[in-house]
Structures are given as structure tokens and as C-alpha cells.
Amino acid sequence: MRTFCGRANPSTGALDWVEEEEYDFHQEIARSCYADMLHDHDRNQKYYEGIRSAVSRVKARGQKVVVLDIGTGTGLLSMMAATAGADVCYAVEVFRPMAEAAQSIVEKNGFSDRIKIINKHSTDVTVGPDGDMQEKANILITELFDTELIGEGALPSYEHAHQNLVQEGCEAVPHRASVFAQLVESELLWSWSQLQPLEVDGSLLAAPPAVARCAGAHSVCDIQLSQVDPRSFTPLGPVLSMFSVDFSRAVSSSFQSHSSQFAARSRGRAQVVLSWWDLDMDPAGSIVCSMAPSWTYPEPKTAPWRDHWMQSVYFLPAESSVNEGDQLRLTVCHDDYSLWFSLQPLSQQIPQTEAPPPRPSCTCQAHLVWTRPRFGELNDRRRTESYVNALKSVFSLENSRMSRQVIEQVLEANSMKGGVELLEIRPDQLTSNDLGGQQISVLVGEPYFSTSLLPWHSLFFWFCRSALSGLLRPDASILPGSASLHMVAVEFQDLWRIRAPCGTCEGFDVTPMDEMVQKSLDFRESREAEPHPLWEYPCRALTRSESVMTFDFTQSVPQQPISSQGSLPFIRAGRCHGVALWMEYHLTDDITVSAGLTGPISEQGDCVWSRHRKQGVYFLRTPVESSGDGRSAVSYSFTFEPSLGDIKMDFNVTSQ
């Protein structure tokens, strides 16, 4: 299969589209969440209980049990239904490689006579003597949810299924979903949405008015909310039940809005809404699968971990002050794929004819140019202090027109537009005429590039510096002067689940899926490190951290590859799941900005990671047990390929 695939090109800072002859979705399979879902015992157990209950209710009515399983994946839920006594299951899966794996799993477990795999989108499934389904189903089983509940098109799929594929009054597993929300004040979270005023050498740099007035991007911010310290936000109200969807009845994908009223519990600035949802697997609500963050549990450590469903952070269009006791109305709106929130004082009477709050949209362009972690990075005072002494360049390059327009707004808001000239041009196209015949005496970069996926992709700065070599003065200062790639071998608390083979899940053999994922991981483009925000995924360091490669920005990119080999002995006992990788930028001999570890590793191996950048993670094919006595080590080999702008790497565990 010939497929066009996007590839980040660090040497050009662009996203290249290349045609892969045998790509065949290997990257999607290798980076999928199938393993995470199968390792989610809480989810699996609750689904199994709900399915048994639904089959029992249909049998109690003396009816033949016909199941429709939309988005079957491995076929796990259909096998649960067949084991519970279903007469026939129609399992729909649109992704062809997954449908083929499901067919193998169903055959391997002996359910071919009762489970039919249908490789179609559910909206294309037909019913009738010559159709995909012989008859309409009386049990509807689905797992169509994402962190936002409806972002994967659950509502349109349910709507179509009730109109065309299931009987009226059917049972549904899950039976109901309920969305919860809590209004909070949080300087940390709000810094991911809005530029904050910044004090530099006694002067206050303000955000442009257009950015300050902007409602921001409407897309959800999905994170592991359990890793956000409750001390970093102040609840301004209780946890509210915003709305529920009954999946056993006709479902509408049209626009809807729901409101909840409450009294403010404390004084503060209303900025952010934290949200999650629960699934009731049965009509009585006695079987509940909850996405609530761990700090809502009496015993936080008992909260189930999952990465395929996390929690949501929504930023209000504008912050507002509230006082304790204020009567407030929180409104959530949704269309067929997304949610958004707004807040009004209860004293503000809303006419029945008034339109509901519109979906937030970015009008300042900043929210289209910068990601939420990037906003957090720009608002990081400590990071900014590291760069203050380096911001003395006369010229500034920005080859993205939209980025240039946002930067111009910042300069104008602070009466600095005449002091900085923005050149909308690529570094390799810059000439002496663009600089007024002058040479560059100071070259400053962060480096940050929107196309960077892995930490070392920001080495594009090095390629930019090399393109400008002919315009630099012999004594030009380059900031940062160098960068270094760092690594540490780690034991993950939970993230290992997304790559671990499952083998048997709830008593069913799912090894064909393990084999499919491993085949994709063996594909040449899937043996690389992958990006993860490690502040969301606790881990322990089993080795010391070490700089494994250095890149000298005062010199041009060399023509020949740079290689580095070595080993790191295990100094702590544990199970090594892989290696964490990150970049550090050296502004001067004594000023370094880290995009990885932000402090020393604790004696127990605990790590604190930057929230602003994703780190690279290279998972070992098989986890390795370490006794921590230094007798075994992780050996490494790195090669920087200048022609590709990328780094190839390999790791092995060796013993003395």
C-alpha cells in the first residue's frame, strides 16, 4: 500500500510529505491505545458486568439475544457477550488491520459461529436477508468514547444506530454517560491559555490587547488531571452534574446546552473548568466506570489508571471575579463532536430568545500559532529570566507570517515595534541587503519550532545558524551556544501499559493483537523514540542522568555524522521499561535551560519534568529487572545524521 506520510524534517524545520511503499498504518498501530485499553482491568470488568446484566434482562423477556458491537477493536466485548449467552453478535470495526486481528482473535477463542466481524463504518452497515446483519439488534454495545466523551463521533454513531440498526427499547452497554464539571481558579492552568504580564528588569511587558480579549481556541485540553497537584488550583464551586446521555434511547447529535446553578464556595477568579465523565453500565447505575481524577477518591492510590480516557480542562472565554456566596450559572454546550463552557451570574437574566453562548474561537491568531504548553513556557518567569541577558539582537527572523503577526502585536503593545525589525524570510534566503549591509553580532534563539515532535527536532536552530554563517561577524555571540542530549533509564509507574503485550485479557486469548502491534513496532519507522509529556506519567530513574551528545552551535553543522557510545550502570533496583531523552540548551557557561528534568533526581529516583516540552521515550522491547548493584547497565549508541537532521539510536542491557 502506497501512503503519503508526514515526517518532521529538523534540517528544514518543515513537515515533509513522503510516499511510503509499505507503510500500511504501522505507525498508527504501533502508537495506538489498544494495549492500554486491554490492560484497563477496571474498564473491562465494568463492561463485562454490564454485558452480563443486559443479556440476562433480554433473556428474562424470552427474546433471542442479538448484539451489535460498534467499534469492536479486538472483539473483546463481543466475546464477553457471547460468553454471557448472546445468540449472535455483529462486531463492527472500520480499521481494516484491527478488523483482521479481531477475526483472528474470535477464531482463536472459538466464537466464529456466533460473532461476525464487519469491516465497515457503522453508518454503512445494512440490515436484512442480504445485509450485513440479518436482523436488528436488541443489545447495543459500544466503546466510542474519548477523553471529551463525544470527540470520536459517539453521538452521530448512536443516532444512526438507533434509527437503523437496533430495535426500539433496546438494552445498551453502557446504559448512560454523565458529564461532571468543577469551576476553579488556577494560575498554573490559566497560564496555558493566556499571556500573562511579565516583569523584566523593572519593566512590565503586557500582552497585546487582541490576545488579552481573545476567547482562545475551543479545543479541549486533555491531560492526566491526577498529576495536577490540588494545591495548584482553588475550587470555586462544587463538582456539578452537567448533563447525561441515555444510550438505550434515541440519541441526537444536534446542538444542545445544559446549565447548573450553584453558590460560589470561595472568593477568586473564575478561569478554568475541570471536567470528566462516568459510565453507568446498567439502568440502575450500580455498575459505574468513573474517569474522575485520583484526588476525588478517599484513597487516591485506588483510582484506576488509564491513558485512553483522561480528564478535560476547559478555559473560560474570559476570567471573572467571584465572591463567596455568589449565585452562578455554569453552562455547557455541545455539538456532535465537542464541548465548551461559559459562566454567568445568576442575577443576569437570560432572555429565552437569546442565543446560547457561542463556541470560543481564536481571533488573535496566538492560539493558532502556539500550543498550550507553549503558552505555559512563555509565561514561565524563571525561564524568561534565563533569556533576559540574551535579548539584545537587532534583527529578529520569523518565517511564519502568522507567527510574525502575533509577535508584532506583542511589540506594539509594549511600544517596542520600532526597536525590533521582523523579517518574514527563511534564514537560508537572508541576504546582507536585508540587514542594511550590516553583519550579525548577536544571534539568539530559544529554540522552539512548531514542527518539532521529538526533543532533538529543535536542532533546526543549528541549521538556521549554519545558513547564516556568511552574515555573522567573526566575534558574533550565539545564544544558546550549545545544546546537549540527555538520557536516563526509567521505571514507569503506569505508562509501560501502553506498550506491554496483553496475552490474555479477562480470560480471552488476544495474542493476535500483540503480534500485530509487535509487527508494527518492528517496522523501520516505528522503532524510534516517541514523544510524551513525562510530567503526566510518574517514573523512577534507575540510572543517573547523563549527557550523551553535545552540539556546538558556535560552529556550523558538520557534514559528517556525529556518533556517541557508552553505558549507564543501574544504581537502583526496579524494572526498566525504557529510556527518557531530552535536550538542554546552554545559554552561557553557567546558564542552562532544560526541556527535561527541572531538578535533581531524588535519592529514591523520583523525577520532576518540565511541563512545557514533551520528552522522548524509547521503550525496551522487553522490560529488564535491575538489582541496582551496578553489575548491569544500559548501553547506548547515538548517531546524528546531518543530512536528515535526525538522531538514530539503539539501546541494550548488558551484564558484567
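Residues numbered from 1 in each chain as written. Predicted model: local features only at pLDDT ≥ 70, side-chain atom pairs only at ≥ 80, totals over all residues. Heavy atoms only, no water.

As recorded by an unreviewed UniProt entry, the protein carries the name Protein arginine N-methyltransferase and is attributed to Amphiprion percula. According to UniProt, the comment filed for the protein under the heading Catalytic activity (unreviewed entry) is "L-arginyl-[protein] + S-adenosyl-L-methionine = N(omega)-methyl-L-arginyl-[protein] + S-adenosyl-L-homocysteine + H(+)". We quote the UniProt Sequence similarities (unreviewed entry) comment for the protein here in full: "Belongs to the class I-like SAM-binding methyltransferase superfamily. Protein arginine N-methyltransferase family. PRMT7 subfamily." (UniProt positions renumbered as here; feature names shortened; annotations may be inferred.)

A. The arrangement of the packing of aromatic side chains in detail. On inspection of all chains with the given rule, the structure shows 25 aromatic pairs. Ring geometry for Tyr636 versus Phe638: centroids 5.6 Å apart, planes at 50°, classification tilted. Per residue, the accessibility class of Tyr636 equals that of Phe638, and both read buried. Looking at Arg52, its charged tip hangs above the ring of Tyr48, at a distance of 3.8 Å from the centre. Above the ring of Tyr448, the side-chain terminus of Arg374 is found at 4.0 Å from the ring centroid. (Phe/Tyr/Trp six-rings, centres within 6.5 Å; stacked < 30°, edge-to-face > 60°. Buried < 20%, exposed > 50% of the residue type's maximum accessible area, 1.4 Å probe, protein only. Lys NZ or Arg CZ within 6 Å of the ring centre and 35° of its normal.)

B. Spatial organisation of the environment of Arg329. Tracing the sequence through the fold places Arg329 in strand E18 (residues 327-334). Owing to a relative accessible area of 12%, Arg329 belongs among the buried residues under this scheme. Taking C-alpha positions, Arg329 is 5.7 Å from Ser260, a pair spaced 69 residues apart along the chain. (Helix = DSSP H or I, 4+ residues; strand = E, 2+ residues; numbered from the N terminus.)

C. A look at the pattern of salt bridges. Applying the stated criterion across every chain, the model contains 29 salt bridges. Through salt bridges with shared partners, a single ionic network connects Arg374, Glu377, Arg383, Glu446 and Arg613. (Salt bridge = Lys/Arg side-chain N within 4 Å of Asp/Glu carboxyl O.)

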